[in-house]
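One-letter residues, chain by chain:
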Amino acid sequence: MSDSTPFPSFPSGFVFGAATASYQIEGAADEDGRGPSIWDTYSHTPGRTDSGDTGDVACDHYHRYPEDVALLRGLGVDSYRFSIAWPRIQPTGQGPANPKGLDFYSRLVDELLEAGIEPAATLYHWDLPQALEDRGGWRVRETAERFGEYTAIVAEHLADRVPRWITLNEPWCSAFLGYSVGRHAPGAKEGTGALAAAHHLLVGHGLAMKALRAAGVREAGITLNLDRNVPATDSAADRAAVVRADTQHNLVWTEPLLAGRYPSTDEDTWGELITRQDFRRDGDLELIAQPMDFLGVNYYRPIVIADAPHREPDPALRVATDNRYAEGKYPGVRHTAMGWPVVPETFTDLLTSLKETYGDALPPIHITENGSAEHDEVAADGAVHDADRVAYLHEHLTALRAAMDAGVDVRGYYVWSLLDNFEWALGYAKRFGIIRVDYDTLRRTPKDSYHWYRKLIAAHRV
Ligand code: IFM
């Protein structure tokens, strides 16, 4: 791609944004009354994260937020998506609010508004108060109820200044990476626990939507990391495996949220686990399926799915999930530093297929995350010439535009991420930022992708 490749063009009013999340950037883990979260516990457990990295300091955004807002202003974004750390607001996940925690987000919101940037707040981006995990975490319904109460507290203080609210970020990761694969906090490896977590996250979303409505917010929705699963071969077995993968990754969320029903493919996907779903209660689907103002979609890459034989559950675990599929390699395309294949047209396909499946029940979409981790190098002049990331963003925005041309109502796009940050179990080694963070000095350096995105946004200004 050359410098003269024209930018894809978006309609007037289209929201350009950038996104981050609390535990990944804030640091200040012990400050101003913040309680421990499951990610503090997990990252401080030896062997859990690469190089033993933790979010103790991260990008020190808690202290440097004015500098970060100035960088957002320089970028020219319309909106900034950040998340609120529940353990800053309620250190043990229940009870009265911690005023210093609320004050931090209030100051951040004011700084954004002053810079002419619309705040978009995510209420839960994985930093569950540890005290709630100790009582069962998302396996138990009580956590969903506490989440509703926490939402009411935050909304009461910020609803007047924050127009766009996201209840949960990527509940798939919370439920399945957290309670089934054990690669995210709290690091559990369970089957029923993960399915219960998925359901209680949805119930929590429903309770949070009610609290947001009661506070009179302008827009509320959820963010899902929906996957584009492609069969490894055209065999019937691989195509059936894709249905199971779609059920686990996508339908488990979209069916209750957008159609008010559980997936019809549940039984083939979960087998014996489905019979244990006594956590589903009458009235839950109505709560979960409340109308949303938008659906947040995070998209990065397609996943190649192949049929795999049934694995006997590990007797040491409480009935592990086994969906009888395995992830394969995507041949012949570039892969990012995460090892993720770059196939932008699958972004178009995902969005158009959502529209085909849900029709008018599909709310307007915001792309709440998209971006790439690359092997960035600092040049002799101190700059980061991240041509691969620029190409990735250009191609994915072009693919997004194609979906809009095909009739999908997409209202905004948030690049992931504003800053290099703590990439969860992979620590600081993977860099997704359009701004480089030097973790020794915490100095911020806008990369070429920052300047490219700035020009794309500027090209849309009248
Ligand atoms: O860093 C994460 C983010 O927290 C959630 N979505 C995917 C990103 C990249 O892995």
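Rules behind the numbers
- Residues numbered from 1 in each chain as written.
- Predicted model: local features only at pLDDT ≥ 70, side-chain atom pairs only at ≥ 80, totals over all residues.
- Heavy atoms only, no water.
- Near = heavy atom within 4 Å.
- Polar contact = N/O pair within 3.5 Å; in protein donor to acceptor, adjacent residues only side chain to side chain.
- Areas by Shrake-Rupley, 256 points an atom, 1.4 Å probe, with all protein chains shown as cover.
- Nonpolar A, V, L, I, M, F, W, Y, C, P; charged D, E, K, R; others polar.
- Pairing = 2+ DSSP bridges.
- Helix = DSSP H or I, 4+ residues; strand = E, 2+ residues; numbered from the N terminus.
- Axes fitted to C-alpha atoms, helices over the stretch in contact; angles between N-to-C directions.
- Contact = heavy atoms within 4.5 Å.
- Buried < 20%, exposed > 50% of the residue type's maximum accessible area, 1.4 Å probe, protein only.
- Parallel < 35°, antiparallel > 145°, perpendicular 65-115°, else oblique.
- Left-handed = near helix turned anticlockwise from the far one by under 90°.
- Core = buried A, V, L, I, M, F, W, Y, C linked by side-chain atoms within 4.5 Å.

(A) Expanded view of the site of the ligand. The ligand sits among Gln24, His125, Trp126, Asn169, Glu170, Tyr300, Trp340, Glu369, Trp416, Glu423, Trp424 and Phe432. Between the ligand and the protein, one listed contact pairs an oxygen atom with a side-chain N or O atom of Gln24 at 2.7 Å. A distance of 2.8 Å is found between an oxygen atom of the ligand and a side-chain nitrogen or oxygen belonging to Trp424. Protein contacts shield 95% of the accessible area of the ligand, which totals 280 Å² for the unbound molecule. Looking at the shell around the ligand residue by residue, the class counts come to six nonpolar, three polar and three charged.

(B) Highlighting the sheet that holds strand β5 (residues 219-224). Strand order around the closed barrel formed by eight strands is β1-β2-β3-β4-β5-β7-β10-β11, with parallel pairing between neighbours. The sheet shows a mean angle of 25 degrees between the axes of neighbouring strands, taken without regard to direction. Pairing analysis gives four bridges linking β5 to strand β7 (residues 294-298), with the strands arranged parallel. By the bridge assignment, Ile222 is partnered in β7 with Leu295. Against the sheet, helix α13 (residues 345-358) engages β7 and β10 (365-369), with an angle of about 140 degrees to β10.

(C) Quick look at the side chain of Glu133. With respect to the secondary-structure elements, Glu133 resides in helix α6 (residues 130-134). Among the residues examined, Glu133 registers a relative accessible area of 10% and is labelled buried. Apart from residues lying up to four places away in sequence, Glu133 is in contact with Ile38, Leu128, Trp138, Arg139, Tyr179 and Pro186.

(D) The packing of helix α7 (residues 141-158) against helix α9 (residues 192-214), seen in detail. At a closest axis distance of 8 Å, the pairing of α7 and α9 adopts a crossing angle of 25 degrees. When the axes of α7 and α9 are compared, the pair comes out roughly parallel. You can see that α7 and α9 cross each other, and the crossing is right-handed. Each of Arg141, Ala144, Glu145, Phe147, Gly148, Thr151, Ala152 and Ala155 in α7 lies in contact with α9, whose residues at this interface are His200, Val203, Gly204, His205, Leu207, Ala208, Ala211 and Leu212. Tallied by class, the residues present in the contact of α7 with α9 amount to nine nonpolar, five polar and two charged.

(E) Expanded view of the sheet that holds strand β6 (residues 228-231). The strand order β6-β8-β9 describes an open sheet built from three strands, whose pairing is mixed. One side of each edge strand has no neighbouring strand; the edge strands of this open sheet are β6 and β9 (325-328). Each strand axis lies, on average, 45 degrees off the axis of its neighbour in the sheet, ignoring direction. For strand β8 (residues 302-307) and β9, the ladder comprises four bridges, and the chain directions are antiparallel. Pairing of Val304 across the sheet is with Gly328, part of β9. On top of the sheet, helix α10 (residues 236-259) reaches β6, β8 and β9; it is set at about 130 degrees to β8, its chief contact.

(F) Highlighting the side chain of Asn225. Its place among the elements puts Asn225 in the loop between β5 and β6. A relative accessible area of 12% places Asn225 in the buried class. With residues near it in sequence (within four places) discarded, Asn225 still touches Glu170, Trp172, Cys173, His249, Asn250 and Asn298.

(G) Layout of the nonpolar core. Membership of the largest hydrophobic core comes to 135 residues, with the highest contact counts inside it found for Ile84, Tyr124, Trp138, Trp165, Trp253, Leu400 and Tyr453. Per-element tally for this core: the top contributor is α9, with eleven residues. Sequence-distant contacts of Leu400, defined by excluding residues within four places in its chain, comprise Phe10, Phe14, Phe347, Leu351, Ile367, Val410 and Tyr413. Ranked by size, the runner-up nonpolar core spans six residues in total, among them Ala241, Val242, Ile303 and Ile305.

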